[in-house]
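Reading the structure
In case you want the letters, here they are:
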Amino acid sequence: MNELNLILLGPPGAGKGTQGARLRDDLGLPYLATGDLLREHRARETPLGVQAAGYMAAGRLVPDELVIALLLGEISERGKRGFLLDGFPRTPGQADALGAALLSESRELSAAVLVDVPDDALLERTTGRRQCPDGHLYHVVFDRPARAGVCDVDGKVLVQRDDDHAEIVRERLRVYHDCTAPLVDYYRARGLLLRVDGLRPADAVYASLREALAVPELAL
Ligand code: AP5
């Protein structure tokens, strides 16, 4: 296989976005993050964004048919020669749809990388997250900007995501365990699962991730 088709798996706040940005920059792969795409639709008040908003605010999954159409469309447009997915698939139905779409083009997944972090660390990660409108990520404890509340990169004001309040995060974690965690076994059974310990500092996580991806058949 001469293209890299990667999935980042993991619970809310595990560091998929943090690690995904580094992988995107280093590997030059189109980075398709469902949460970011849905938030863009919501901000533009597209029909999809309007339909998705209530689910997102409640910490629930947006229905499969909407998300599958969105992501397969993005892969057709931007991911024809490889991709890095963050936040998709999130249900076995989404995983089946992705697998079938790739197979229909004689393509296949390279790996599904699980960024593994236990629940008790995730509440602090998510409730302390701050980001600028362009998506640059910070944390009030683990990754502080030089000036409190202001993005180092573009000087924009940092905000808290509306689904990063504790009660919504608890619901997102419940949904993760019910609907998304089964994908760990799904990809393990297909010989595609790679796991990294996401509890360590972000640089150490990234070093492990690169090491895990540097297996011969992935040919980075
Ligand atoms: P989405 O935006 O995908 O949220 P998520 O999967 O819950 O993941 P997060 O973005 O919260 O966390 P992350 O793992 O990227 O962590 P990050 O790197 O930011 O989805 C939002 C919503 O959209 C869903 O609830 C759902 O409604 C909908 N949706 C999306 N995809 C869908 C789908 N496929 N199907 C249906 N609905 C869908 O890091 C978090 C914080 O921790 C940051 O502050 C960061 O600085 C810090 N941090 C990161 N790494 C470390 C580290 N190693 N040590 C210390 N701090 C760290």
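Treat the numbers as computed from the prediction; the structure is a model and nothing was measured. (Residues numbered from 1 in each chain as written. Predicted model: local features only at pLDDT ≥ 70, side-chain atom pairs only at ≥ 80, totals over all residues. Heavy atoms only, no water.)

**Re the overall build of the protein**
The line we're drawing: By the criteria applied, helices consist of DSSP H or I runs no shorter than four residues and strands consist of E runs no shorter than two, each listed in order from the N terminus. The reference for a compact globule is 2.2 Å times residues^0.38; the radius of gyration itself is calculated from the C-alpha atoms. The classification of residues rests on relative accessible area computed with a 1.4 Å probe and restricted to protein chains. Under 20% of the type maximum is buried, over 50% is exposed, and intermediate values are partly exposed. Computed by Shrake-Rupley with a 1.4 Å probe, the accessible areas treat only the displayed protein chains as cover when residues are assessed.
Counting secondary structure elements, the protein contains nine helices and seven strands. Over its C-alpha trace the protein gives a radius of gyration of 17 Å, about what one expects of a compact globule, namely 17 Å for 220 residues. Overall, the protein is about 50 × 40 × 30 Å in size when its C-alpha atoms are taken along their principal axes. In the protein, buried positions account for 48% of the 220 residues. Carbon together with sulfur atoms contributes 52% to the accessible area of the protein, which is approximately 11,000 Å² in total.

**Focus: the sheet that holds strand E4 (residues 111-116)**
The following threshold applies: Strands are treated as partners if at least two bridges between them are detected by DSSP. Here the axes come from fitting lines to C-alpha atoms, over the contacting stretch only for helices, and the angles between their N-to-C directions go from 0 to 180 degrees. Here, residues are in contact when the closest pair of their heavy atoms is within 4.5 Å.
Across the sheet, five strands lie side by side as E2-E3-E1-E4-E7; this open sheet has parallel pairing. A single partner strand is all that each edge strand has here, and the edge strands are strand E2 (31-33) and strand E7 (193-197). For this sheet, the mean inter-axis angle between neighbouring strands, taken without regard to orientation, is 20 degrees. Judged from the four bridges that link them, strand E1 (residues 5-9) and E4 form a sheet pairing that is parallel. Note on E4: the bridge partner recorded for isoleucine 7 is alanine 112. Lying over the sheet, helix H9 (residues 202-213) contacts E1, E4 and E7, oriented at roughly 160 degrees with respect to E7.

**Focus on helix H8 (residues 182-189)**
Defined as follows: Comment: arc refers to directions from the helix axis out to C-beta atoms.
Buried within H8 are the following residues: Leu183, Val184, Tyr186 and Tyr187. Buried residues in H8, looked at end-on, bunch into an arc of 160 degrees, giving them a common side. Elements in contact with the buried residues of H8: E1, helix H5 (92-104), E4, helix H7 (166-180) and E7. Just past H8, the residue glycine 191 takes up positive phi, approximately 70 degrees.

**What about the state of the cysteines?**
The condition that has to hold: We call a pair of cysteine sulfur atoms a disulfide whenever their separation is within 2.5 Å.
One pass over the structure, following the stated rule, counts zero disulfides. Here cysteine 151 stays unpaired: no disulfide links it, and the sulfur of cysteine 132, its closest cysteine neighbor, is 3.9 Å away. Its relative accessible area of 3% is what places cysteine 151 among the buried residues.

**What to know about helix H2 (residues 34-44)**
Three or more residues of H2 are buried, namely Thr34, Leu37, Leu38, Arg39 and His41. The elements touched by buried residues of H2 are E2, helix H3 (47-58), helix H4 (64-78) and strand E3 (83-86). Glutamate 45, located one to two residues past H2, shows a positive phi value of around 55 degrees.

**A short note on the site of the ligand**
Applied cut-off: We call a residue near a molecule or strand when any one of its heavy atoms sits within 4 Å of it. For the purposes of these results, a polar contact is taken to be a pair of N or O atoms within 3.5 Å, where, inside protein, one atom must be able to donate a hydrogen and its partner to accept one; residues adjacent in sequence count only when each atom of the pair is a side-chain atom.
If you check the shell around the ligand, you find 34 residues, and the closest are Thr18, Arg60, Arg90, Arg129 and Arg172. Within the side chain of threonine 18, an N or O atom sits 2.6 Å from an oxygen atom of the ligand. One of the backbone N or O atoms of tyrosine 138 is found 2.7 Å from an oxygen atom in the ligand. Elements that contribute at least two residues to the shell around the ligand include exactly helix H1 (16-27), H2 and strand E6 (137-139).

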